[in-house]
Amino acid sequence: MIEVTNLTKTFGPKTAVDDLSFSVKKGEVLGFLGPNGAGKSTTMRMVTGYIPATKGTIRIGGVDIEADPNAAKFKIGYLPENAPLYEDMTVAGFIGFCAEMRGLFGADRDKAVDKAIETTFLQPVRNQSVDTLSKGYRHRTCLAQSIVHDPEILILDEPTDGLDPNQKHEVRSLIKRMGETKAIIFSTHILEEVEAACSRAIIIDRGRVVADGTPNDLKAKSSKAGNVHITIGAEADVARAALAANPAVGSVTPTESSNPGFSAELCPAKKTQTGELAAAVANLCGEKGWTLSELHQVEGRLDDVFREITRPDTEAA
Amino acid sequence: MPAHKNILSVFRRELGGYFNSPLAYVFIIIFILFAMGFAFLLGGFIERQEADLSASFFQFHPWLFMILGPAVGMRMWSEENRLGTSELLLTMPISPWTAIVGKFLAACVVLLAGLVLTFPIVITVEYLGDPDYGTIWAGYIGSFLIGAATLAVTSVISAFTRSQVVCLIVSVFVCFLLTLIGIPPLIEFVRDLGLGGLASFLQGSSFYENYDDPRQGLIRMQNLVYFLSVITFCLFATSVVIRARRA
Ligand SMILES: Nc1ncnc2c1ncn2[C@@H]1O[C@H](COP(=O)(O)OP(=O)(O)OP(=O)(O)O)[C@@H](O)[C@H]1O
Ligand SMILES: [Mg+2]
């Protein structure tokens, strides 16, 4: 549905998006991750036809956005960053106007507006003027606008920004649900959101893709993935020395624990040998007669991966 | 998709924007006050005792529109730029023309409302004597054209900036220049310098000169063509500026 190849965007001397390629199929939800200024919004602006690409092609449902912008834009629903709204309209008026721009008039428009308002829980502010809305409601109004015409493709730039936890949850499930029948790209800084809603995620740093895969693939890239966490009933110094001497153990990092005994996170000697490590620990405890009260594999966390593969802004200069 | 329906949607939205805010009402009231006030105080409307509006009433319209036209039109694109709504509007499956024309027409309607509401002065001349309605119509049409031209100029300027104030100041200045280059003292002066060609050129491309005949009851083809070209050119330039700003 969305095919982006070798997309590049430069602003003067600055390269915001650098040779980016990806594609999103129907039924896929693609999460865009990346530090501030990575080029997420710029990419989305190009995909929605707001700004022209410096280089590269964008095809929306097979249509090149340069060649036939209106046919391509017709298939897209877009929530821009910061949810811009016309301040002088009511919520329903605004969504209705956007529906008309998308070619829905008369009864079709009214039905579409009602449905969008219902989906985004805007009934209480339906006839309120936009300039008096709270931030979360503003964001939802703009989200409603993006789905009013039931588009095949949704581009959402930080759709849960400013929402309360309940609404975040609702919007995530909405994205997940819509993702079954649409192609969706959304950007976020909340990493749990990626696990909750995405079938695939891309991490962008300084305009380049630095990681691409399912949330589980990405988590496995964490340096902590494959570590083993243990608690054993033994003297800390003795246990530590014995563990460190074991050939299957790469390193031992003691951790705090509410359980009595010695707790530590063990790193396997070789990245993939988590099984061997666990077996070695169990054997060691058997030999020494220590009780092994906890042993589990540490799952990689997305924010570890994120931090490891994107360099912080402070280093950028 | 039929573009006229979308032009109509934009038009209705913009008109709603004008009339849901004080802007339209303030414009209309100020316009009427000044148009009438100038006619009575400066134009010598009463003293003349003539059933004629060209010298007393219509004469001042270019100067009024030079300021009030930009005041009405300044929100057209600068407000979109400021709020970021242009990112919504321009990712809709419509051509930018649709939005440009819809906005321009809505501003024209506000202006027209002000003009129409000066009708009491027509009733007054009817009372004073036996006015020539053809002349009055020509005056109103000319006045509307000059107002629409100031709006078109404002449209281009507003596309450049996100600040309504900057747009207002620059647009007033441009409209002022376009009017000024046609006033008789200046034209005389340039002629006296021996630059006859330049004088005719300035005169022909000024708001002032092209309004002079309609004001006195004669709408000539060249005046119509002039105003319509100014409007078309400015709206086209607006689309160019909008495109350039995004790149
Ligand atoms: N119109 C512009 N002119 C110049 N530079 C720009 C322009 N728009 C974006 N940039 C630059 O391009 C880079 C990418 O910006 P972008 O908004 O795409 O980042 P982002 O990934 O969306 O960041 P965030 O997480 O903060 O939203 C930034 O360095 C930004 O300063
Ligand atoms: Mg962004």
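See the structure shown above.
Quick summary incoming for the structure in this document. Just so you know, these numbers come straight off a predicted model, no measurement behind them. (Residues numbered from 1 in each chain as written. Chains lettered and ligands numbered in written order. Predicted model: local features only at pLDDT ≥ 70, side-chain atom pairs only at ≥ 80, totals over all residues. Heavy atoms only, no water.)

Once that is clear, we can look at the pattern of salt bridges. Here the structure, examined in full by the defined rule, presents 22 salt bridges over all chains. In this structure, Glu87(A) engages Arg138(A) in a salt bridge whose closest nitrogen and oxygen atoms are separated by 2.9 Å. Residue Glu87(A) is found in the loop between β6 (76-79) and α3 (91-101), and its partner Arg138(A) is found in helix α5 (residues 135-147); the two are separated by 51 residues along the sequence. Classification of Arg138(A) by relative accessible area gives partly exposed; the value is 21%. As a salt-bridge pair, Asp212(A) and Arg200(A) come within 2.9 Å of each other at their nearest N and O atoms. Note that Asp212(A) is positioned in strand β10 (residues 208-213) and Arg200(A) in strand β9 (residues 200-205), a separation of 12 residues in sequence. The network of salt bridges with shared partners includes Asp88(A), Arg13(B), Glu14(B), Arg75(B), Glu80(B) and Lys103(B). (Salt bridge = Lys/Arg side-chain N within 4 Å of Asp/Glu carboxyl O. Helix = DSSP H or I, 4+ residues; strand = E, 2+ residues; numbered from the N terminus. Buried < 20%, exposed > 50% of the residue type's maximum accessible area, 1.4 Å probe, protein only.)

Here we come to the packing of aromatic side chains. Residue and element names in this part refer to chain A. On inspection of all chains with the given rule, the structure shows 15 aromatic pairs over all chains. Each ring, one from Tyr86 and one from Phe97, has its centre 5.8 Å from the other, and the planes form 80°; the classification is edge-to-face. Residue Tyr86 is found in the loop between β6 and α3, and its partner Phe97 is found in helix α3; the two are separated by 11 residues along the sequence. By the burial criterion, Tyr86 is buried, and Phe97 matches it. (Phe/Tyr/Trp six-rings, centres within 6.5 Å; stacked < 30°, edge-to-face > 60°.)

Across the boundary between the two partners, chain A contributes 28 residues, which contact 26 residues of chain B. Summing the contributions of chain A and of chain B, the shared interface buries around 2500 Å²; its carbon and sulfur component is 63%. Linking chain A with chain B are four salt bridges. Of the charged contacts, one joins Arg12(B) and Glu100(A) as a salt bridge, the two residues approaching to 3.3 Å between their closest N and O atoms. At the junction of chain A and chain B, the tally comes to 10 residue pairs in polar contact (both at pLDDT 80 or more). Top element by residues in the side of chain A that touches chain B is α3(A). It accounts for five residues. In terms of residue class, the side of chain A that touches chain B is built from 16 nonpolar, five polar and seven charged. (Contact = heavy atoms within 4.5 Å. Buried area = accessible area lost by both parts, 1.4 Å probe. Polar contact = N/O pair within 3.5 Å; in protein donor to acceptor, adjacent residues only side chain to side chain. Nonpolar A, V, L, I, M, F, W, Y, C, P; charged D, E, K, R; others polar.)

Take the packing of helix α4 (residues 61-73) of chain B against helix α9 (residues 133-160) of chain B next. Residues and elements named next belong to chain B. It is at 8 Å that the axes of α4 and α9 come closest, and there the two elements cross at 40°. Classified by the angle their axes make, α4 and α9 are oblique. Crossing of α4 against α9: the hand is right-handed. Along its contact with α4, which presents His61, Pro62, Phe65, Met66, Gly69, Pro70, Val72 and Gly73, the element α9 presents Ser143, Ile146, Gly147, Thr150, Leu151, Thr154 and Ser158. Its residues assigned to classes, the contact of α4 with α9 comprises seven nonpolar, eight polar and no charged. (Axes fitted to C-alpha atoms, helices over the stretch in contact; angles between N-to-C directions. Parallel < 35°, antiparallel > 145°, perpendicular 65-115°, else oblique. Left-handed = near helix turned anticlockwise from the far one by under 90°.)

A word on the sheet that holds strand β7 (residues 153-157) of chain A. In a beta sheet, neighbouring strands pair by backbone hydrogen bonds and run either parallel or antiparallel. Residues and elements named next belong to chain A. One open sheet holds the six strands; their spatial order is β6-β7-β8-β3-β9-β10, and the pairing between them is mixed. Every other strand in the sheet has two partners, leaving β6 and β10 as the edge strands with one partner each. Neighbour-to-neighbour, the strand axes of this sheet turn through a mean angle of 15°, independent of strand direction. Summarising the sheet, strand β3 (residues 29-33) and strand β8 (residues 183-187) pair through four bridges and their orientation is parallel. Within β8, the position partnered with Gly31 by the bridge is Phe186. Along the sheet, helix α1 (residues 40-47) makes contact with β3, β6, β7 and β8, crossing β7 at roughly 150°. Against the sheet, helix α6 (residues 165-178) makes contact with β3, β7 and β8, and its axis sits at roughly 150° relative to β8, the strand it touches most. (Pairing = 2+ DSSP bridges.)

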